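The primary structure of each chain is shown beneath.
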Amino acid sequence: MTQTSQAPAAIEEQKPASRTRIHRAWFVAAVTFVTIIGAAAFRSLPGLLIDPLHAEFGWSRGTIGAAVSINLALYGLTAPFAAALMDRYGIRRVVAVALTVIALGSGLTVWMTAAWQLLLCWGLLVGLGSGSMALAFAATVTNRWFTERRGLVSGILTAASASGQLIFLPLLSWMITRYDWRPAAVTVALAALAVVPFVWLLLRDHPADVGQKPYGAKEFVEKPAPVTGAARRTVTVLLKAVRTGPFWLLAGTFAICGASTNGLVQTHFVPAAHDHGMPVTAAATLLAVIGVFDVVGTIASGWFTDRFEPRRLLAVYYALRGISLLFLPMLLAPSVHPPMIFFIVFYGLDWVATVPPTLALCREQYGDDSAIVFGWVLASHQVGAALVAFLGGVARDTFGSYDVVWYASGALCAAAALMALVIRRRPTGLTPAVATAAA
């Protein structure tokens, strides 16, 4: 009797239905995805503002590029501190405040009359807010909620920014062409504010908050106590990381990544295409199409990262990107033609495909500190982007075209491919602290 009463219980435990329940981690990832999409409006606007602001206020492209440069630099430099603040105050609070700051900075631009106000609103406020919404946010969510499928999840969350670009770029470019740049700035502010309720009501800081294990974990993980001294910890992690070779290689390759994407194509592609007679709406649509294929390429890159060596993936990605940029000056024309479409597809697949393998290498090398280390690596990404956003505008003012910037970025991508191959793998079985000391 005892044996027969135990059998149904054993069968019940082995029912496959219990395994098919959707883990809460996927809902958190979905909310994070939607949040990044909603916040992506501010990523779509800088390249569209250069010509309208130049025409209305007479500001040079170098001056406008300086505001974008400050924005991009703060986007990166804020990220590692934001990751530490999430450990201290929780993801929800940090992200909700960041979205509010973005809305404030973007909304205030409609009343600006001087260049310093552009530097303050779009450069400082939106830069600080967007830095807290940077990829360190996606890295923190991935590290806390997943032990399996991390490459895939990081690829999906990275692709969210491109999805937002796809949604907002055609809309914002149409607004600017049909009406003015001010309605576009207000739209960015409202999009950021609209996401705040989703973050506050649906996002959770840790699996333990809902009594679950991280996805793929064999054991329950207690929620760590809030970490005080966020700024001190962020700097301490940096000081440890800079003593290791992989950090400088990761930071160097990611700086080139930022220079060749956010700083160059996202900021200067539309005005460069317009220089060749292409309508702004057509150029913005091409940039949005890059976002379509970026989604595909980044998710695929996450899948590849779970299966192949990240160093080799990075080398391939940078090499292909460099080749495509070298051909771009020959493809710009008044109308869209098949070779340009091929470039858009090819470049789009590679846009931020570098993020999942870079994240994986940070986790491999730095363990529990990987989100903060990745924040500093992302800072280098944005510093590279900021330099090219500024220098690209200066080059256009000086030489009358962007050609020299495209060629220089292609050469830098070739250097990044070689740097990726030099990164040493962490020896199997060593803890990250021991391994990084050995490196």
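Described below are features of the structure shown in this document.

What counts and how
- Residues numbered from 1 in each chain as written.
- Predicted model: local features only at pLDDT ≥ 70, side-chain atom pairs only at ≥ 80, totals over all residues.
- Heavy atoms only, no water.
- Helix = DSSP H or I, 4+ residues; strand = E, 2+ residues; numbered from the N terminus.
- Buried < 20%, exposed > 50% of the residue type's maximum accessible area, 1.4 Å probe, protein only.
- Contact = heavy atoms within 4.5 Å.
- Areas by Shrake-Rupley, 256 points an atom, 1.4 Å probe, with all protein chains shown as cover.
- Expected span 1.5 Å × (residues − 1).
- Salt bridge = Lys/Arg side-chain N within 4 Å of Asp/Glu carboxyl O.
- Phe/Tyr/Trp six-rings, centres within 6.5 Å; stacked < 30°, edge-to-face > 60°.
- Core = buried A, V, L, I, M, F, W, Y, C linked by side-chain atoms within 4.5 Å.
- Axes fitted to C-alpha atoms, helices over the stretch in contact; angles between N-to-C directions.
- Parallel < 35°, antiparallel > 145°, perpendicular 65-115°, else oblique.
- Left-handed = near helix turned anticlockwise from the far one by under 90°.
- Nonpolar A, V, L, I, M, F, W, Y, C, P; charged D, E, K, R; others polar.
- Patch = residues over 30% accessible without salt bridge, like charges linked within 9 Å, V, L, I, M, F, W, Y side chains within 5 Å.
- Disulfide = S-S within 2.5 Å.
- Polar contact = N/O pair within 3.5 Å; in protein donor to acceptor, adjacent residues only side chain to side chain.

1. A closer look at the overall build of the protein
Regarding its fold elements, the protein presents 20 helices and zero strands. Put simply, the protein has 439 residues, and 55% of those count as buried. Sequence-distant contacts, at least 24 apart, represent 83% of the contacts inside the protein between residues at least 6 apart. Split by element, the accessible area of the protein, about 18,100 Å² in all, is 67% carbon and sulfur.

2. Describing helix α6 (residues 91-108)
What sets the pattern is the α-helix's 3.6 residues per turn: residues three or four places apart point alike. The end-to-end C-alpha distance of α6, which contains 18 residues, comes to 26 Å, matching closely the 26 Å that a straight helix rising 1.5 Å per residue would cover. For α6, the set of buried residues is I91, V94, V95, A96, A98, L99, I102, A103, G105, S106 and G107.

3. Points about the side chain of T234
For T234, the location among the structural elements is in helix α11 (residues 230-241). Apart from the residues within four sequence positions on either side, T234 is in contact with P80, F81, A84, I372 and W376.

4. Some remarks on the pattern of salt bridges
If you walk through the whole model with that rule in mind, you get six salt bridges. Salt-bridge contacts for D275 lead to R396; the nearest nitrogen and oxygen are separated by 2.6 Å. Residue D275 is located in helix α13 (residues 262-275), and its partner R396 is located in helix α18 (residues 370-399); the two are separated by 121 residues in the primary sequence. You can call D275 partly exposed: its relative accessible area is 34%. Residue R396 is classed as buried on the basis of its relative accessible area of 16%. Of the charged contacts, one joins E309 and R312 as a salt bridge, the two residues approaching to 3.2 Å between their closest N and O atoms. According to the relative accessible area criterion, R312 is exposed, its value standing at 53%. Each member of the salt-bridge network shares a partner with another, and the members are E56, D180 and R182.

5. Quick look at the packing of aromatic side chains
Per the stated rule, a full pass over the model turns up 11 aromatic pairs. Plain terms: the ring middles of W303 and F304 are 5.6 Å apart, the flat faces sit at 70° to each other, and that makes the pair edge-to-face. On the accessibility criterion, W303 (40% relative accessible area) is partly exposed. The class for F304 is partly exposed, based on a relative accessible area of 32%.

6. A look at the nonpolar core
In terms of nonpolar packing, the biggest core is built from 86 residues, with L45, F247, V265, F269, M340 and W406 touching the most fellow members. Contacts of W406, omitting those with residues within four sequence positions, involve L264, V265, F269, A272, L325, L328, P329 and L332. Among the nonpolar cores identified, the runner-up in size contains 30 residues, and V94, I102, M133 and W145 belong to it.

7. Details of the packing of helix α12 (residues 245-260) against helix α17 (residues 355-366)
Taken N-terminus to C-terminus, the directions of α12 and α17 make an angle of 165°; their axes are 11 Å apart at the nearest point. When the axes of α12 and α17 are compared, the pair comes out roughly antiparallel. Judged by the twist between their axes, the crossing of α12 over α17 is left-handed. On α17, the residues touching P246, F247, L250 and F254 of α12 are V355, T358, L361, C362, Q365 and Y366. Considering only residue class, the contact of α12 with α17 consists of eight nonpolar, two polar and no charged.

8. Details of a nonpolar patch on the surface
Together, V316, L320, I323, L326, F327, M330 and Y407 make up a nonpolar patch on the protein surface, roughly 650 Å² of accessible area in all. Here the nonpolar patch gets six residues from one element, more than from any other, and that element is helix α15 (residues 310-331). Topologically, V316 is positioned in helix α15.

9. Remarks on the state of the cysteines
Counting across every chain of the model gives zero disulfides. The thiol of C257 is not disulfide-bonded; the next cysteine sulfur, from C413, is found 8.0 Å away. We classify C257 as buried; its relative accessible area is 1%.

10. Some details on the environment of L124
You can see L124 is positioned in helix α7 (residues 115-132). Separated by 52 residues in the primary sequence, L124 and L72 have C-alpha atoms spaced 9.6 Å apart. Every residue in contact with L124, bar those within four places of it in the chain, is listed here: I70, L74 and L119.

11. Some points on the environment of R307
For R307, the location among the structural elements is in the loop between α14 (280-305) and α15. A relative accessible area of 46% means that R307 is categorised as partly exposed. Separated by 156 residues in sequence, R307 and G151 have C-alpha atoms that sit 9.0 Å apart. Of the polar contacts made by the side chain of R307, one reaches the backbone oxygen of W303; its length is 3.1 Å.

12. Observations regarding the environment of A82
Topologically, A82 is positioned in helix α5 (residues 61-89). Its relative accessible area of 1% is what places A82 among the buried residues. Along the primary structure A82 and G375 are separated by 293 residues, whereas in three dimensions their C-alpha atoms are 8.3 Å apart.

13. Examining the packing of α14 against α17
Packed helix pairs are specified by the crossing angle of their axes together with the interaxial distance, meaning the distance between the axes. Here α14 crosses α17 at 35°, and the two axes come no closer than 8 Å. Within the contact between the two elements, α14 uses T298, S301, G302 and T305 and α17 uses P356, P357 and A360. Per-class residue counts for the contact of α14 with α17 are three nonpolar, four polar and no charged.

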